[in-house]
Every structure is written in structure tokens, then in C-alpha cells.
Amino acid sequence: MDYLSMLALAVGFPLGIAAFGGALGQGRAIASACEGIARQPEAGGAIQTAMIIGLALIESLVIYALVIAFLLFGKLPETAEIVSKIAG
């Protein structure tokens, strides 16, 4: 594969992986927080605060991946230039 193909893959593929990983992490964090609150209801406020901070940090990693994807997308050439390279 040439440089443009690899760059096009580098724009979209990691963003999907980051979104999937972030969703998995958030789901596990919420499930664990709900379980902790169910076991110890008097600690619900502290658990909820820690969960919200953790969710914000997980979401920030996905936003960083989005920013990197936008930066890489800016490196891609115009569509007409890609079509002319493909055509010959």
C-alpha cells in the first residue's frame, strides 16, 4: 500500500478503536459503581463522585483520539488529486 492509503486508514481506524474502548471502559465503570452502591448505599455519594471523575477521564481519551484523527485528516490531499493518482 502507498502512503495515502495508509494515511486514510490511520484517520478512521484508531478513532473507532478508541470509541469502542471508551464505551467498554465506561460501561465497566458504571457497572462497578452500581454494584458498589448496591453493596454499600451509605457510600453512594463518594462512589458517584469518583465514577463521574473516572468517566470524564475516559471520555477525554476518546476526545484526544478525535483530535488526532482531525489532525491526520488535514494531511490527506484533495479528492481530485487522489483520483488523478489512481487514474494514472
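Residues numbered from 1 in each chain as written. Predicted model: local features only at pLDDT ≥ 70, side-chain atom pairs only at ≥ 80, totals over all residues. Heavy atoms only, no water.

**What about the overall build of the chain?**
The helix and strand tally for the chain stands at three helices and zero strands. For the chain, the sequential pattern of α-helices and β-strands runs α-α-α. On C-alpha atoms alone, the chain measures out to a radius of gyration of 20 Å, which is more than a quarter above the 12 Å that the 2.2 N^0.38 rule sets for 88 residues. Seen through its C-alpha atoms, the chain measures out along the principal axes to roughly 70 × 15 × 15 Å. With 88 residues in all, the chain has 15% of them scored as buried. A fraction of 77% describes how many contacts in the chain between residues 6 or more apart in sequence connect residues 24 or more apart. (Helix = DSSP H or I, 4+ residues; strand = E, 2+ residues; numbered from the N terminus. Rg over C-alpha atoms; globule rule 2.2 N^0.38 Å. Buried < 20%, exposed > 50% of the residue type's maximum accessible area, 1.4 Å probe, protein only. Contact = heavy atoms within 4.5 Å.)

**Considerations on the pattern of salt bridges**
Once their charged atoms are close, side chains differing in charge can pair, the charge on each being opposite to the other. Under the criterion given, the structure shown has one salt bridge. The shortest N-O distance in the salt bridge between Arg-39 and Glu-35 comes to 3.1 Å. On the criterion of helical spacing, the pair formed by Arg-39 and Glu-35 is a turn pair, its members being four residues apart in helix α1 (residues 3–39). Take Arg-39: its relative accessible area is 68%, and that puts it in the exposed class. Since its relative accessible area comes to 42%, Glu-35 is described here as partly exposed. (Salt bridge = Lys/Arg side-chain N within 4 Å of Asp/Glu carboxyl O.)

**Some details on the confidence of the model for the chain**
The pLDDT averaged across the chain works out to 88; a share of 98% of its residues lies at or above 70. Per-element confidence in the chain ranges from a low mean pLDDT of 75 for helix α3 (residues 79–87) to a high of 91 for helix α2 (residues 44–75). (pLDDT = per-residue confidence, 0-100.)

**What to know about α1**
Across its 37 residues, α1 extends 54 Å between first and last C-alpha, which sits within 8% of the 54 Å expected from 1.5 Å per residue. Of all bends in α1, the biggest is about 25°, found at Ala-10, and the proline Pro-14 comes one to four residues later. Elements that come into contact with the buried residues of α1 comprise α2 and α3. (Expected span 1.5 Å × (residues − 1). Bend = angle between axes of the 7 residues up to and from the residue.)

**Looking at a nonpolar patch on the surface**
A surface patch of nonpolar side chains, amounting to about 280 Å² of accessible area, comprises Ile-63, Val-67 and Leu-71. Along the chain, Leu-71 falls in helix α2. (Patch = residues over 30% accessible without salt bridge, like charges linked within 9 Å, V, L, I, M, F, W, Y side chains within 5 Å. Areas by Shrake-Rupley, 256 points an atom, 1.4 Å probe, with all protein chains shown as cover.)

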